[in-house]
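Spelled out from the first residue to the last, the chains are:
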Amino acid sequence: MESVNRATLLITCPEKPGIISTVTNFLSEHKANIIDIDQYTTDPQAGIFFMRIEFNVGNHTLEKLEEDLHVLAKDYTMDWSLSSNKKRKRMAIFATKADHCLLELIWRWKTNEIPVEIPLVISNHEDLKEIVESYGIPYYHIPLTKGTKEDAERKAMELLEEKVDFIVLARYMQILSPNFISKYPNKIINIHHSFLPAFIGANPYVRAFNRGVKLIGATAHYVTNDLDEGPIIEQDVQRINHQYTADDLKVAGRHVERSVLAQAVSWHVEDKVLVHGNKTIVFQ
């Protein structure tokens with residue numbers, strides 16, 4: 001059972017002897033009981049060090065711990081984040097007409113498999129309005145054309161402002177502007193219906209069919225200004241054969257997309273993902 005006083009600390013810093021003992025002693029001094037610890041370094045001599053620590057601690061101690069972390073971080077040039085399970089992350093979902101990824105997230109939210117709040121769903125179509133609102137989730141329809149893209153994004157940002165911690169593109173088949181992406185760095189998760197880097201862009205299943213592939217897959221990644229080239233969080237594949245039509249590929253692909261996106265979102269919510277350049281370190 002999840003502790004009501006559990007927190008997670010993520011650290012990224014230059015490799016330096018004694019980091020692990022320094023951090024664990026620091027937590028011990030703040031009456032923290034470490035539950036799980038994991039670390040990775042790109043090079044033991046001169047690399048970048050990554051650490052994830054999950055621990056139980058009292059409320060008062062957590063406030064003091066966070067305050068003192070600023071001092072510790074200066075000594076080791078640390079980038080760090082501290083989160084408490086008492087504050088659920090707020091997840092906005094962007095969708096179009098396809099419902100499989102959207103519903104997978106809602107079902108897992110409903111059963112508490114993904115412990116988040118969903119303050120709103122935004123879509124450029126009204127197709128999913130009824131089913132989303134049946135779960136008590138606000139649904140906002142923002143029509144989008146080539147000529148209204150800038151205005152549509154402005155309306156979306158107004159709706160999101162101070163209401164969400166991250167965004168999931170659940171088969172939202174629109175390209176976000178650099179201005180929008182810059183407001184949520186490494187906080188926009190997209191599902192691409194292909195095993196990247198293969199078949200970047202639109203209609204990957206048709207191109208996969210024409211290529212005669214024997215595996216299809218899906219990729220969940222953070223969104224950057226480079227289309228479908230952001231840091232990859234999770235991927236999976238399904239074996240197929242010559243009997244599959246292009247439509248068969250789409251059906252099989254939907255199952256992979258749903259599970260890959262849900263897993264990526266879960267890891268993000270659980271603070272198990274650290275971004276390093278265009279790669280991710282995922283603590284499992």
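Each remark here, short or long, concerns the structure printed above.
On a predicted model such as this, the values are computed, not experimentally measured, just so you know.

Q: So what exactly am I meant to see when it comes to the side chain of His30 here?
A: With respect to the secondary-structure elements, His30 resides in the loop between helix 1 (19–29) and strand 2 (33–41). At a separation of 2.7 Å, a polar atom in the side chain of His30 contacts the side chain of Asp68. Other than its neighbours up to four places away in sequence, His30 contacts Val57, Thr61, Lys64, Leu65 and Asp68.

Q: How do you make sense of helix 7 (residues 204–211) when you look at a structure like this?
A: For an α-helix, the turn length of 3.6 residues means that residues three or four places apart are oriented alike. Within helix 7 the residues assigned to the buried category are Pro204, Tyr205 and Ala208. Seen from one end, helix 7 has its buried residues packed into an arc of 95 degrees, which puts them on one side. Contact partners of the buried residues in helix 7: strand 10 (188–192), strand 11 (215–222) and helix 8 (246–269). Downstream of helix 7 by one or two residues, Gly212 has phi in the positive range, about 75 degrees.

Q: What's the story with the pattern of salt bridges in this structure? I'm lost.
A: Oppositely charged side chains are able to pair whenever their charged atoms sit close together. As enumerated under the stated definition, the model contains 15 salt bridges in all. Between Lys89 and Asp271 there is a salt bridge, with its nearest N and O atoms 3.1 Å apart. With Lys89 in strand 5 (residues 89–95) and Asp271 in the loop between helix 8 and strand 13 (273–276), the pair connects residues that are 182 residues apart, well separated along the chain. Here Arg108 makes a salt bridge to Glu104, at a shortest N to O gap of 2.8 Å. Of this pair, Arg108 and Glu104 both sit in helix 3 (residues 100–110), separated by four residues, roughly a single helical turn. Through salt bridges with shared partners, a single ionic network connects Arg6, Asp36, Arg52 and Glu54.

Q: Before we go on, may I ask you to explain the packing of aromatic side chains in this structure?
A: Given two aromatic rings, one states the distance between the centres and the angle between the planes to describe the pair. According to the stated counting rule, one finds four aromatic pairs in the structure shown. Each ring, one from Tyr40 and one from Phe50, has its centre 6.2 Å from the other, and the planes form 20 degrees; the classification is stacked. Here Phe50 lies in strand 3 (residues 48–56) and Tyr40 lies in strand 2, a separation of 10 residues in the sequence. For Phe50, a relative accessible area of 0% translates into the label buried.

Q: What's the story with the sheet that holds strand 2 in this structure? I'm lost.
A: Backbone-to-backbone hydrogen bonds pair the strands of a sheet. The strands run either parallel or antiparallel. Strands sit in the order 2-3-1-4 across an open sheet of four strands; the sheet is antiparallel. The sheet is open, and its two edges are formed by strand 2 and strand 4 (79–84), each paired on a single side. Strand-to-strand twist across the sheet, computed as the mean angle between neighbouring axes with direction ignored, equals 10 degrees. The strands touched by helix 1 are strand 1 (6–14), strand 2 and strand 3; relative to strand 3, the strand with the most contacts, the crossing angle is about 25 degrees. Contacts between helix 2 (residues 59–76) and the sheet are confined to strand 1, strand 3 and strand 4, with strand 4 contributing the most and set at about 170 degrees to the helix.

Q: Would you take a moment to explain the layout of surface pockets for this structure?
A: Gaps left between atoms show up when a probe the size of a water molecule is rolled over them. Taken as a whole, the largest pocket spans an internal volume of roughly 780 Å³. Along the wall of the largest pocket there are 27 residues; nearest its centre are Leu10, Ser81, Lys89, Lys187 and Asp271. Looking at the lining of the largest pocket, the elements with two or more residues in it are strand 1, helix 2, strand 4 and strand 13. Looking at the second largest pocket, it is lined by 21 residues, and the ones nearest its centre are Gln174, Ile175, Asn190, Leu227 and Asp228. Residues of the lining of the second largest pocket, tallied by class, amount to 10 nonpolar, nine polar and two charged.

Thresholds, definitions, all that
Residues numbered from 1 in each chain as written. Predicted model: local features only at pLDDT ≥ 70, side-chain atom pairs only at ≥ 80, totals over all residues. Heavy atoms only, no water. Helix = DSSP H or I, 4+ residues; strand = E, 2+ residues; numbered from the N terminus. Polar contact = N/O pair within 3.5 Å; in protein donor to acceptor, adjacent residues only side chain to side chain. Contact = heavy atoms within 4.5 Å. Buried < 20%, exposed > 50% of the residue type's maximum accessible area, 1.4 Å probe, protein only. Arc of directions from axis to C-beta. Salt bridge = Lys/Arg side-chain N within 4 Å of Asp/Glu carboxyl O. Phe/Tyr/Trp six-rings, centres within 6.5 Å; stacked < 30°, edge-to-face > 60°. Pairing = 2+ DSSP bridges. Axes fitted to C-alpha atoms, helices over the stretch in contact; angles between N-to-C directions. 1 Å grid on protein atoms, 1.4 Å probe; cavity = no way out; pocket = protein on both sides within 12 Å on 5 of 7 lines; lining within 4 Å. Points joined across faces, edges and corners; volume = space filled by probe spheres on them. Nonpolar A, V, L, I, M, F, W, Y, C, P; charged D, E, K, R; others polar.

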